[in-house]
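One-letter residues, chain by chain:
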Amino acid sequence: MNIDSIKEGIVIDHITAGRGMTLYRLLGLDDLDCSVAIIKNVPSRKMGKKDIIKIDSDIGVDTDVLGYVDPGVTVDVIRGGKVVEKKKIELPEVLTGVIRCSNPRCITSTEENLPQIFRLSDPKGPVYRCAYCEARAKDHNSN
Amino acid sequence: MRSLIDITELDLGEVDALIAKAEDIIAHPEKYADKCRGKKLATLFYEPSTRTRLSFEAAMYELGGNVLGFSESQSSSAAKGESVADTAKTVSCYADVIAMRHPKEGAPLVASRNATIPVINAGDGGHNHPTQTLTDLLTIKKEKGRLGGLTVGLCGDLKFGRTVHSLISALSRYGGIKFVFISPAELKIPGYVRQGVLEKNGIPYEETTDLDGSIGKLDILYMTRVQRERFFNEEDYLRLRDSYILTQQKMKAAREDMIVMHPLPRVNEISPEIDSDPRACYFRQVLYGKYIRMALILMLLGID
């Protein structure tokens, strides 16, 4: 399968196979009017198989979302057909505006203008807890 | 400008300093009678709480200060839909320190991020209640003379009670503490407290369902209420309820110097006949609550 290489844009690589669509949704890529390719189940020597997202525009992607959904992904910034920057995304310490607290007793359930903030409480898991009520965040696959 | 939202924001030195200040207030109340002259405490209570609100108000009056505020959300602008953030900004123009009770978890944190004056969390739902924990620590210090080297029994609902979890965390910072957790299997200490506090810090503990069999080894018995709504069926509740009622008969097996604590309000878990037993200190605990709140108000206002 061939996907044209991009001249100016971003490649999100080393996505765990099956998480490409979750990232597509959480990054809001469906709102873009440029070309976006999601390539699923690409054979990979390290990972067995992986997903890749190519965005044909130099937009800023929310690295918190990337790190939350799939720590270990890489973001390649392409300019003039060349990789000018390569970032490995780690698990973020703080997540702002990425997920919502589902605790009905949390202040964010009644005051919707408050920013949704979660802090990493245990990198194993990982476990994120709401900054207001400390409720554990649901797994991103259930969002 | 400092607030107190969660007890863990205070390090051991600060907790000890607050306890020492409260003890000095108890010993020399006249020294503190005018410390807050001209200062105002705003008690923003979005749900009723007689004890905590009156304790804060009495604390401020005894420091020579004044009090304003509301005791239910219907009598505040929250009834018109004002946000906690806006209320905090507004009240900052009128008062010098805020004590806030709110049914929603995290509301006092939101207030503290928007107020320009210190905010004290006076209880946010079942989440945090740091002045109750400070009250408990002062009570133990005054009644037992120390905060370390104690066998502490906690009895009743140990699963949902944040008061209990906070006290376990706070006492775990002192040496020689041993816990005895007495509860029905359905209401045992949650895993995050067992692993995150007790096992992480190597604190010895035992778990039992038997109050009669364990009361004799305790320095402190901290009672909590076993609430009907925590059980899946009425039968289980009725079966367990009476085994965690402290009676004179059960107290016969307790040491002469054991103390009985309770965060109150009590429903039926401590028989009223025990109130006259000198070991029952839950009403003295209420009084200590006022003194520790006086110490806290002074600390947050930067008054020595």
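Bear in mind the structure is a predicted one, so any value in this text is a computation, not a measurement. (Residues numbered from 1 in each chain as written. Chains lettered and ligands numbered in written order. Predicted model: local features only at pLDDT ≥ 70, side-chain atom pairs only at ≥ 80, totals over all residues.)

Draft legend 1. Spatial organisation of the overall build of chain A. Helices and strands together make up the secondary structure of chain A, namely 2 helices and 8 strands. Ordered by position from the N terminus, the helices and strands of chain A form the series β-α-β-β-α-β-β-β-β-β. Oriented by its inertia axes, the alpha-carbon framework of chain A measures out at about 50 × 30 × 25 Å. Counting the 143 residues in chain A, one finds 27% classified as buried. (Helix = DSSP H or I, 4+ residues; strand = E, 2+ residues; numbered from the N terminus. Buried ≥ 20, exposed ≤ 12 C-beta atoms within 10 Å, placed from the backbone.)

Draft legend 2. Local environment of the overall build of chain B. Broken down by element type, chain B carries 11 helices and 9 strands. The C-alpha radius of gyration of chain B comes to 20 Å, within 12% of the 19 Å expected for a compact globule of 304 residues. When each of the 304 residues of chain B is scored for burial, the buried share is 44%. For chain B, restricting intrachain contacts to residue pairs at least 6 apart in sequence, the fraction spanning at least 24 positions comes to 76%. (Rg over C-alpha atoms; globule rule 2.2 N^0.38 Å. Contact = placed C-beta atoms within 7 Å.)

Draft legend 3. View of the domain arrangement of chain B. Residues and elements named next belong to chain B. Structurally, chain B comprises domain 1 (7–128 + 287–301) and domain 2 (131–285). Tallying the contact residues gives 20 residues for domain 1 and 18 residues for domain 2. The greatest single-element share of the side of domain 1 that touches domain 2, amounting to 7 residues, is contributed by helix H11 (residues 282–301). Of the residues that constitute the side of domain 1 that touches domain 2, the class distribution is 13 nonpolar, 5 polar and 2 charged. (Domains from an automatic or database assignment. Nonpolar A, V, L, I, M, F, W, Y, C, P; charged D, E, K, R; others polar.)

Draft legend 4. Representation of the sheet that holds strand E8 (residues 127–130) of chain A in the model. All names here are of chain A. Strand order in the open sheet made by the 3 strands is E6-E7-E8, with antiparallel pairing throughout. The open sheet has two free edges, formed respectively by strand E6 (94–96) and E8, since each of these has just one partner strand. Here the strands of the sheet are splayed against their neighbours by 30° on average, with no regard to which way each runs. Sheet analysis places E6 next to strand E7 (residues 117–122), joined by 3 bridges and oriented antiparallel. (Pairing = 2+ DSSP bridges. Axes fitted to C-alpha atoms, helices over the stretch in contact; angles between N-to-C directions.)

Draft legend 5. Inspection of the interface of chain B and chain A at higher detail. Listed as interface residues are 10 residues of chain B and, on the opposing side, 11 residues of chain A. For the side of chain B that touches chain A, the leading source of residues is helix H4 (residues 107–114) of chain B, giving 3 residues. Split into classes, the residues belonging to the side of chain B that touches chain A amount to 4 nonpolar, 4 polar and 2 charged.

Draft legend 6. Here's a closer look at the nonpolar core. In this structure, Ile-98 and Ile-297 of chain B are the most contacted members of the largest nonpolar core, which totals 114 residues. In contact with Ile-98 of chain B, other than residues within four places in its own chain, are Ala-42, Leu-44, Ala-88, Val-91, Ala-111, Ala-115, Ile-117, Val-119 and Ile-120 of chain B. (Core = buried A, V, L, I, M, F, W, Y, C linked by C-beta atoms within 7 Å.)

Draft legend 7. Looking closely at the packing of helix H3 (residues 84–91) of chain B against H4 of chain B. All names here are of chain B. Axis separation between H3 and H4 bottoms out at 8 Å; the angle between their running directions is 45°. As judged from the angle between their axes, H3 and H4 are oblique. Where H3 crosses over H4, the handedness of that crossing is right-handed. Note on element contacts: H4 touches H3 through Ala-107, Val-110, Ala-111 and Asn-114, opposite Val-84, Ala-85, Ala-88 and Lys-89. Residue classes in the contact of H3 with H4 are distributed as 6 nonpolar, 1 polar and 1 charged. (Parallel < 35°, antiparallel > 145°, perpendicular 65-115°, else oblique. Left-handed = near helix turned anticlockwise from the far one by under 90°.)

Draft legend 8. The sheet that holds strand E5 (residues 82–88) of chain A, seen in detail. Residues and elements named next belong to chain A. One open sheet holds the 5 strands; their spatial order is E2-E3-E1-E4-E5, and the pairing between them is antiparallel. The open sheet is flanked by strand E2 (36–44) and E5, the only strands paired with a single partner. Neighbour to neighbour, the strand axes of the sheet diverge by 20° on average, direction disregarded. Direction of pairing for strand E1 (residues 9–16) relative to strand E3 (residues 48–55): antiparallel, over a ladder of 5 bridges. Following the sheet pairing, Val-11 is matched in E3 by Lys-54.

Draft legend 9. Structural detail: the confidence of the model for chain A. Of the residues in chain A, 95% have a pLDDT of 70 or more, and the chain-wide mean is 90. When mean pLDDT is compared element by element in chain A, E3 of chain A scores highest at 96, while helix H2 (residues 63–69) of chain A scores lowest at 91. (pLDDT = per-residue confidence, 0-100.)

Draft legend 10. Fine view of the pairing of strand E6 (residues 178–182) of chain B. Residues and elements named next belong to chain B. The element E6 is extensively covered by neighbouring structure, given that 4 of its 5 residues are classed as buried. Read from strand E5 (residues 151–155) through helix H6 (residues 162–171) to E6, the crossover connection turns out right-handed. Where E6 and strand E7 (residues 205–208) come together, 4 bridges link them in parallel fashion. Bridged to Phe-181 within E7 is Glu-207. Each parallel crossover has a hand, and for E6 linked through helix H7 (residues 191–199) to E7 it is right-handed. (Right-handed = clockwise from strand over helix to strand, strands pointing away.)

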